Amino acid sequence: MARNFEFYYLQRSVGSTWETVQQAEVVSVLTDGLADRMATLGGGVRIVGARFEESDNAWAYEQLFFMDPGAVDFAVDFAVTEGAPTDTGSVAGMELSLGAGDGISNDEIAAMSARLSRFKERSSTETKPPETRGRASGSIAGPGDMGEVNMRLAYLALIMGGIIAALAFGIRSGFGLYLGPISIEFGYGREVFALSLAIQNLVWGIAQPFAGALADRYGPFKAIAIGSVLYAVGTILLGYSDTPGLFHLSAGILVGAALAGTSFGIILGAVGQLFPPEKRSFALGVTGAAGSLGQFLIVPAGQALLSSVGWSQSALIMGVLALLMLPLGLVFIKARPKPSASDVPDQSIREALREAFAIPSFWLLTAGFFVCGFHVAYIAVHLPSFVVDIGLSAETGAWALGLVGLFNVIGSLLAGFLGGRFPKKYLLSGLYFGRAVLMTGFVLLPPSELLVYIFAGSMGLVWLSTVPLTSGLVADIFGPRYMSMLFGLVFLSHQVGGFLGAWLGGYVFDALGSYDLVWWISVGLGVFSGIVHWPIREQRVLGAVPA
């Protein structure tokens, strides 16, 4: 059966990795004059074909030709169907012009000539890739079609993905509003529902790599669909909960698992794969800004619902709202990533993990993102109650969280813009140092409503601005192929931090009657994260050759 490829890549071996030398849509572009280039390329040389597997919603890569002039040990694997139409630019005219002066013996030259002839004969009957075949009519034609169509879908996916992120993050950010009412109604200390939200962060983090692997293997929609249903079920069940176990199950386990399929880990990976590197940072910034806009719009609306109908009915309404994410995710069935020359090394998931774990920058990024999770969860869960504790209204706390989201729209867009122009690691260091300074001032200055709003707006500028920069670093260092899974692993650290931030805040308050200790822990962690991002190396790592 013929195997049609949409792109071809000429690669040479560099140590234990493969470097792409040339990319083409017709294999003859790579094979013409290849023999003349062998001496300058050096080492092993291979040609890889790329085709899009509709069933997997992912690009598949296959080695078509390999030769090692030094070892004269190479193989050809390019089976085609007899009678297939001949490519007008076939390799029939390729000549072998290496000589003994190139450091290769006459026997080796003869062996290479025979193998190249075999490849020439087989590739002469190669079928054209579907995307490069001419069309009889229509406004879109030619080999550039796929890029144009993908970019239109990419921007549509950016919009739909942004709305999904707004719903997922907005609803989740409002759970902190329930802490006071639930604790008062059932006579619990704040640690009980705080533990539910801590479990949510932990389950979210544990489930994220698996959701990311599911999205990388079968496409983002499956992860979004499962997450949307779990989100609705968990939030509706929260409205009927009346025991600590039910709170842990609904707001903790179910919503935590749901967020793994609907929040940044999946959406950023799905959107980031659709944009070229020069536009990726901007696209990730827009997606992060959309999630923050959801926080600004949904949290105050949630407080209004809570004040008018109570926390239980408010949770039911939010559960129904969560179902809207399901149809919005349909766009990712058609939107598909376009491969780039740097993504060709055909790694397995295991190889991608082994590569990431061997690089110190991966662990530094992971350690730094732990701090982001601690900060975000602690403030999102406990800021509304802290505001009430200092003598201000519950509405002030809700609007404070809303302002965090509003100003993070600016922060995320700015981070996306700057991330495409300056080293992301230095921007991240600056963000974490900035958080430490802001929290120090918030604790030391006399409390007031104005101070709360200034802190909220300033914190919003450095809130989730870390997300497009961190996810962008993952894509820049490891490529977008397994971005969802690898970012999911980094995000697991974020959620472990989130678990500690949400739970520790409630535990310390119940034990000491004050949040002061947790504020100072947050300041110290901000300084730590600012330091660990500094030595990260942003160079791209090429995929290892499969064993």
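Residues numbered from 1 in each chain as written. Predicted model: local features only at pLDDT ≥ 70, side-chain atom pairs only at ≥ 80, totals over all residues. Heavy atoms only, no water.

Some details on the overall build of the protein chain
For the protein chain, the helix and strand inventory stands at 20 helices and 5 strands. Counting all 547 residues of the protein chain, 54% fall into the buried class. Taking contacts inside the protein chain between residues at least 6 apart in sequence as the whole, the part at least 24 apart equals 79%. Carbon together with sulfur atoms contributes 65% to the accessible area of the protein chain, which is approximately 20800 Å² in total. (Helix = DSSP H or I, 4+ residues; strand = E, 2+ residues; numbered from the N terminus. Buried < 20%, exposed > 50% of the residue type's maximum accessible area, 1.4 Å probe, protein only. Contact = heavy atoms within 4.5 Å. Areas by Shrake-Rupley, 256 points an atom, 1.4 Å probe, with all protein chains shown as cover.)

Re helix α19 (residues 483-512)
For α19, built from 30 residues, the straight-helix expectation of 44 Å at 1.5 Å per residue is met to within 8% by its first-to-last C-alpha distance of 42 Å. The largest bend in α19 comes to about 25°, at leucine 489. Of all 30 residues in α19, 21 are buried; the element is thus mostly enclosed. Once α19 finishes, glycine 513 follows within two positions and takes phi at roughly 75°, a positive value. (Expected span 1.5 Å × (residues − 1). Bend = angle between axes of the 7 residues up to and from the residue.)

Quick look at the environment of leucine 156
For leucine 156, the location among the structural elements is in helix α4 (residues 145-173). Exposure remark for leucine 156: the relative accessible area of 40% places this residue in the partly exposed category. The spatial distance from the C-alpha of leucine 156 to the C-alpha of valine 271 is 9.8 Å, given a sequence separation of 115 residues.

Considering the packing of aromatic side chains
Counted by the stated rule, this structure contains 23 aromatic pairs. Between phenylalanine 186 and phenylalanine 247, the ring centres sit 5.7 Å apart and the planes meet at 70°, which makes this aromatic pair edge-to-face. Here the residue phenylalanine 186 occupies a position in helix α5 (residues 179-186), and phenylalanine 247 occupies one in helix α8 (residues 244-262), the gap between them amounting to 61 residues. Through a chain of ring-to-ring contacts, three or more aromatic side chains come together here, namely Tyr378, Phe386, Phe442, Phe455, Phe509, Tyr515 and Trp519. (Phe/Tyr/Trp six-rings, centres within 6.5 Å; stacked < 30°, edge-to-face > 60°.)

Considerations on the nonpolar core
Counting 116 residues, the largest nonpolar core has Tyr178, Phe193, Tyr231, Leu238 and Trp519 as its most contacted members. Per element, the largest residue contribution to this core is 15 residues, and it comes from helix α14 (residues 360-389). Contacts of phenylalanine 193, omitting those with residues within four sequence positions, involve Phe175, Tyr178, Leu179, Ile182, Leu238, Phe247 and Ala251. Judged by nonpolar contacts, the second largest core, of 12 residues, contains Val27, Leu34, Val45 and Leu64. (Core = buried A, V, L, I, M, F, W, Y, C linked by side-chain atoms within 4.5 Å.)

Some points on the packing of helix α15 (residues 394-419) against helix α17 (residues 449-461)
Viewed as axis vectors pointing N to C, α15 and α17 meet at an angle of 30°, and their least axial separation amounts to 6 Å. For the element pair α15 / α17, the angle class is roughly parallel. Considering how the two elements wind past one another, α15 and α17 form a crossing that is right-handed. Note on element contacts: α17 touches α15 through Glu449, Val452, Tyr453, Ala456, Gly457, Gly460 and Leu461, opposite Thr396, Trp399, Ala400, Leu403, Val404, Phe407, Asn408, Ile410 and Gly411. Considered class by class, the residues forming the contact of α15 with α17 number 10 nonpolar, 5 polar and 1 charged. (Axes fitted to C-alpha atoms, helices over the stretch in contact; angles between N-to-C directions. Parallel < 35°, antiparallel > 145°, perpendicular 65-115°, else oblique. Left-handed = near helix turned anticlockwise from the far one by under 90°. Nonpolar A, V, L, I, M, F, W, Y, C, P; charged D, E, K, R; others polar.)

Focus on a nonpolar patch on the surface
A surface patch of nonpolar side chains, amounting to about 240 Å² of accessible area, comprises Leu293, Leu297 and Leu406. One can find leucine 406 in helix α15. Looking at leucine 406, the relative accessible area reads 30%, which means it is partly exposed. (Patch = residues over 30% accessible without salt bridge, like charges linked within 9 Å, V, L, I, M, F, W, Y side chains within 5 Å. Salt bridge = Lys/Arg side-chain N within 4 Å of Asp/Glu carboxyl O.)

Comments concerning the side chain of serine 429
Note that serine 429 resides in helix α16 (residues 424-444). We classify serine 429 as buried; its relative accessible area is 0%. Ignoring anything within four residues of it in the chain, the contact list for serine 429 reads Gly530, His533 and Trp534.

Observations concerning the confidence of the model for the protein chain
In the predicted model, the protein chain carries a mean pLDDT of 77, and 76% of its residues have values of at least 70. Across the protein chain, element-level confidence peaks in helix α20 (residues 516-532) with a mean pLDDT of 94 and bottoms out in strand β5 (residues 75-76) with 39. Residue range residues 124-149 is modelled with pLDDT below 50. Its contacts to residues more than four positions away, or to other chains, number 51 contacts. Long-range and interchain partners of residues 341-345, a stretch whose pLDDT sits below 50, account for 17 contacts in this model, where long-range means more than four residues apart. (pLDDT = per-residue confidence, 0-100.)

Looking at the side chain of serine 183
Its location among the elements puts serine 183 in helix α5. For serine 183, a relative accessible area of 7% translates into the label buried.

A word on the environment of serine 307
With respect to the helices, strands and loops of the structure, serine 307 is situated in helix α10 (residues 277-322). The spacing of serine 307 and alanine 394 is 87 residues in sequence and 9.7 Å in space, taken between C-alpha atoms.

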